[in-house]
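# Geometric and topological summary
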Amino acid sequence: AVIKNLNITGHFVLANAKGNYQNSYAGALAGKCKNTRIDNVHASCNIFNHALNGDAYAGGLVGHMVDYSTAINSSSSGDIYNTCGEGDYSVAGGLFGCAVFDSSRTILAEKCFATGDVYASGKRAKDIVIHAGGLVGSTGLCKINNCYATGNVSAYHTDSGSGSCKQGPAAGGL
């Protein structure tokens, strides 16, 4: 699919998965994209995403990018709030929450930027993964060219008990 020349504005996008083991994907453009080219798409709205008993993925444009999806000349300027209750993953990014590819030759983003703040949190008592990034919350096997992010980024574990994070929490500017 090709999505191009689009401006998305609004107050907020809200996603809330309440069922058992239901993952929640949220983004101003789409919750999840597969084999999609995003060109000259700009979003200006806040994203609120929560998964009660599943994983939560949120991004300013797309919550979860898979299989050769690419963004070119695109941006997001809203704040991202992502939480999960008893899920394994809480992943949020200014442009994309999570990006998973099977080839390092894939370009995820080129000439893109994000300017909003990003917050990822989780509460599960053990082995939760919490990642937040100014541009992408979590990614592997892809390339990012000529992109930037300027917002504040934070990731935190909200369980006050004896819980532990499997890999974090981790927060980064890009």
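This write-up is about the structure you can find in this document.

What counts, and where the lines are drawn
Residues numbered from 1 in each chain as written. Predicted model: local features only at pLDDT ≥ 70, side-chain atom pairs only at ≥ 80, totals over all residues. Heavy atoms only, no water. Helix = DSSP H or I, 4+ residues; strand = E, 2+ residues; numbered from the N terminus. Buried < 20%, exposed > 50% of the residue type's maximum accessible area, 1.4 Å probe, protein only. Contact = heavy atoms within 4.5 Å. Areas by Shrake-Rupley, 256 points an atom, 1.4 Å probe, with all protein chains shown as cover. Salt bridge = Lys/Arg side-chain N within 4 Å of Asp/Glu carboxyl O. Phe/Tyr/Trp six-rings, centres within 6.5 Å; stacked < 30°, edge-to-face > 60°. Polar contact = N/O pair within 3.5 Å; in protein donor to acceptor, adjacent residues only side chain to side chain.

## A closer look at the overall build of the protein
A count of helices and strands for the protein gives zero helices and 20 strands. For the protein, the residues scored as buried account for 48% of the 174 residues in total. In the protein, of all internal contacts separated by at least 6 residues, the share reaching a separation of at least 24 is 80%. Counting only carbon and sulfur atoms, one obtains 47% of the accessible surface of the protein, whose full area is about 7800 Å².

## Looking at the pattern of salt bridges
Within the structure shown, the criterion is met by two salt bridges. The closest approach of N and O atoms between Asp-67 and Lys-34, which form a salt bridge, is 3.7 Å. With Asp-67 in the loop between β6 (62-66) and β7 (70-72) and Lys-34 in strand β3 (residues 30-34), the pair connects residues that are 33 residues apart, well separated along the chain. Judged by its relative accessible area of 25%, Asp-67 falls in the partly exposed class. Using a relative accessible area of 53% as the deciding quantity, one classes Lys-34 as exposed. The residue Arg-37 makes a salt bridge to Asp-39 at a minimum N-O spacing of 3.7 Å. A relative accessible area of 37% places Arg-37 in the partly exposed class. Judged by its relative accessible area of 15%, Asp-39 is buried.

## Overview of the packing of aromatic side chains
Describing an aromatic ring pair means giving the distance of the ring centres and the angle of the ring planes. Scanning all chains against the criterion turns up four aromatic pairs. Ring centres of Tyr-25 and Tyr-57 lie 5.4 Å apart, and the angle between their planes is 10°; this geometry places the pair in the stacked category. Linking Tyr-25 in strand β2 (residues 24-27) with Tyr-57 in strand β5 (residues 56-59), this pair joins segments that are 32 residues apart in sequence. Exposure remark for Tyr-25: the relative accessible area of 27% places this residue in the partly exposed category. Through successive ring pairs, a cluster of aromatic residues spans Phe-48, Tyr-81 and Tyr-119.

## As for the environment of His-50
Tracing the sequence through the fold places His-50 in strand β4 (residues 37-53). For the pair His-50 and Gly-122, spaced 72 residues apart in the sequence, the C-alpha separation amounts to 9.6 Å. With residues near it in sequence (within four places) discarded, His-50 still touches Ala-15, Asn-16, Ala-17, Ser-24, Thr-83, Cys-84 and Gly-85. One polar contact links His-50 to Thr-83, side chain to side chain, over a distance of 2.5 Å.

## Overview of the side chain of Asp-79
Relative to the elements of secondary structure, Asp-79 occurs in the loop between β8 (75-76) and β9 (80-84). Polar side-chain contacts of Asp-79 include one of 2.8 Å to the backbone nitrogen of Asp-117. Filtering out sequence-adjacent residues up to four positions away, Asp-79 remains in contact with Cys-45, Asn-46, Ile-47, Gly-116 and Asp-117.

These figures come from the coordinates and say nothing about function on their own.
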